[in-house]
Amino acid sequence: LEKSQLSILVPGCGNDPLLLDLYNAGYRNLAAFDYSSGAIERQRELLEYLPMSSDLDNVDLRVEDARSLPQEWGDTFDVIIEKGALDAIYLSGDGNFEQSVKEFARVAKKEGLCISCSGVVPEALRRDG
C-alpha cells in the first residue's frame, strides 16, 4: 500500500503533534481518539497549522474510550501507534489494560501492526540514583 492509503489509528492522542507529523509525512487516512474532549480540541487546533488547501476529510478525531471503541472500526486499521496511552490505562487497574488491548486487536486488520511506545522502565532495569 501507498502510505497515503494506510489506515492509521493514534489512541490517546492527547496534545502530541504526532497526527500533524503523520499528515505532513504524506499519511492521509488517519484516526485519533482520546477520552478527553480537550485533547481532541487541541488536535483540531494543531491541524489548523496545515495549509488551507489540505484535505482533512480522512482525518477522524473522536472522543472515545479505549475499552469500548466504535463497532464500525472493527478490522479497519493497518497500523496503530500508541505513545503512552496503554501506560496510563494500565495504572487505572480493574482489567482496563486488558480490555483496551482486546479492543486494539479488534480494530486492527488481521495483518495490522501495533507500535507501542512506553516510557515505563521495568524494575529490573532501574538503577539507584
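None of the values given here were measured: they were computed from a predicted structure. (Residues numbered from 1 in each chain as written. Predicted model: local features only at pLDDT ≥ 70, side-chain atom pairs only at ≥ 80, totals over all residues. Heavy atoms only, no water.)

Asker: I keep staring at the pairing of strand β3 (residues 59-63) and nothing clicks. Help me out?
Answerer: Sheet faces and side chains relate simply in a regular strand, where the side chains alternate between the two faces. Examined bridge by bridge, strand β2 (residues 29-34) and β3 share five bridges and lie parallel to one another. Along β3, the bridge assignment pairs Asp34 with Val63. For the crossover from β2 across helix α2 (residues 37-47) to β3, the handedness is right-handed. (Pairing = 2+ DSSP bridges. Helix = DSSP H or I, 4+ residues; strand = E, 2+ residues; numbered from the N terminus. Right-handed = clockwise from strand over helix to strand, strands pointing away.)

Asker: So what exactly am I meant to see when it comes to the pattern of salt bridges here?
Answerer: Side-chain pairs of opposite charge can arise whenever the charged atoms involved come near each other. A full pass over the atoms with the stated rule returns eight salt bridges. In this structure, Lys83 and Asp16 form a salt bridge, with 2.8 Å as the shortest nitrogen-oxygen distance. With Lys83 in strand β4 (residues 77-83) and Asp16 in the loop between β1 (7-11) and α1 (18-24), this residue pair connects regions lying 67 residues apart in the sequence. What makes Lys83 partly exposed here is its relative accessible area of 41%. Looking at Asp16, the relative accessible area reads 25%, which means it is partly exposed. Salt bridges linked by common partners bring Asp60, Arg62, Glu64 and Glu72 together as one network. (Salt bridge = Lys/Arg side-chain N within 4 Å of Asp/Glu carboxyl O. Buried < 20%, exposed > 50% of the residue type's maximum accessible area, 1.4 Å probe, protein only.)

Asker: Honestly, the nonpolar core in this entry has me stumped. Any pointers?
Answerer: Side chains of a nonpolar character, in soluble globular proteins, are inclined to be buried together. The biggest cluster of nonpolar side chains holds 18 residues, and the ones touching the most others in it are Ile8, Val10 and Leu19. Broken down by secondary-structure element, the contributors of at least two residues to this core are β1, α1, β2, α2, β3 and β4. Here the element with the most residues in this core is α1; it accounts for five residues. Contact partners of Leu19, with chain neighbours within four places excluded, come to Val10, Leu30, Ala32, Gln43, Leu47, Val59 and Leu61. Counting 13 residues, the second-largest nonpolar core is a separate cluster that includes Leu69, Phe77, Ile89 and Val107. (Core = buried A, V, L, I, M, F, W, Y, C linked by side-chain atoms within 4.5 Å. Contact = heavy atoms within 4.5 Å.)

Asker: Help me out: how do you make sense of the packing of aromatic side chains in this one?
Answerer: How two aromatic rings sit relative to each other is set out by the distance from centre to centre and by the angle between their planes. Inspection of every chain in the model, using the stated rule, returns three aromatic pairs. Summarising the aromatic geometry, the rings of Phe33 and Trp73 are spaced 6.1 Å apart at their centres and angled 45° between planes, so their arrangement reads as tilted. Of the two residues, Phe33 sits in strand β2 while Trp73 sits in the loop between β3 and β4, which places them 40 residues apart along the sequence. What makes Trp73 buried here is its relative accessible area of 4%. With 5.4 Å between their ring centres and 85° between their planes, Trp73 and Phe77 make a pair best called edge-to-face. Judged on exposure class, the residue Trp73 and its partner Phe77 are both buried. Three or more aromatic residues link up through ring pairs in this structure, and these residues are Phe33, Trp73 and Phe77. Across from the ring centre of Tyr27, 5.6 Å away, lies the NZ or CZ of Lys3, which sits over that ring. Above the plane of the ring of Tyr23 lies Arg28, whose end atom (NZ or CZ) is 3.8 Å from the centre. (Phe/Tyr/Trp six-rings, centres within 6.5 Å; stacked < 30°, edge-to-face > 60°. Lys NZ or Arg CZ within 6 Å of the ring centre and 35° of its normal.)

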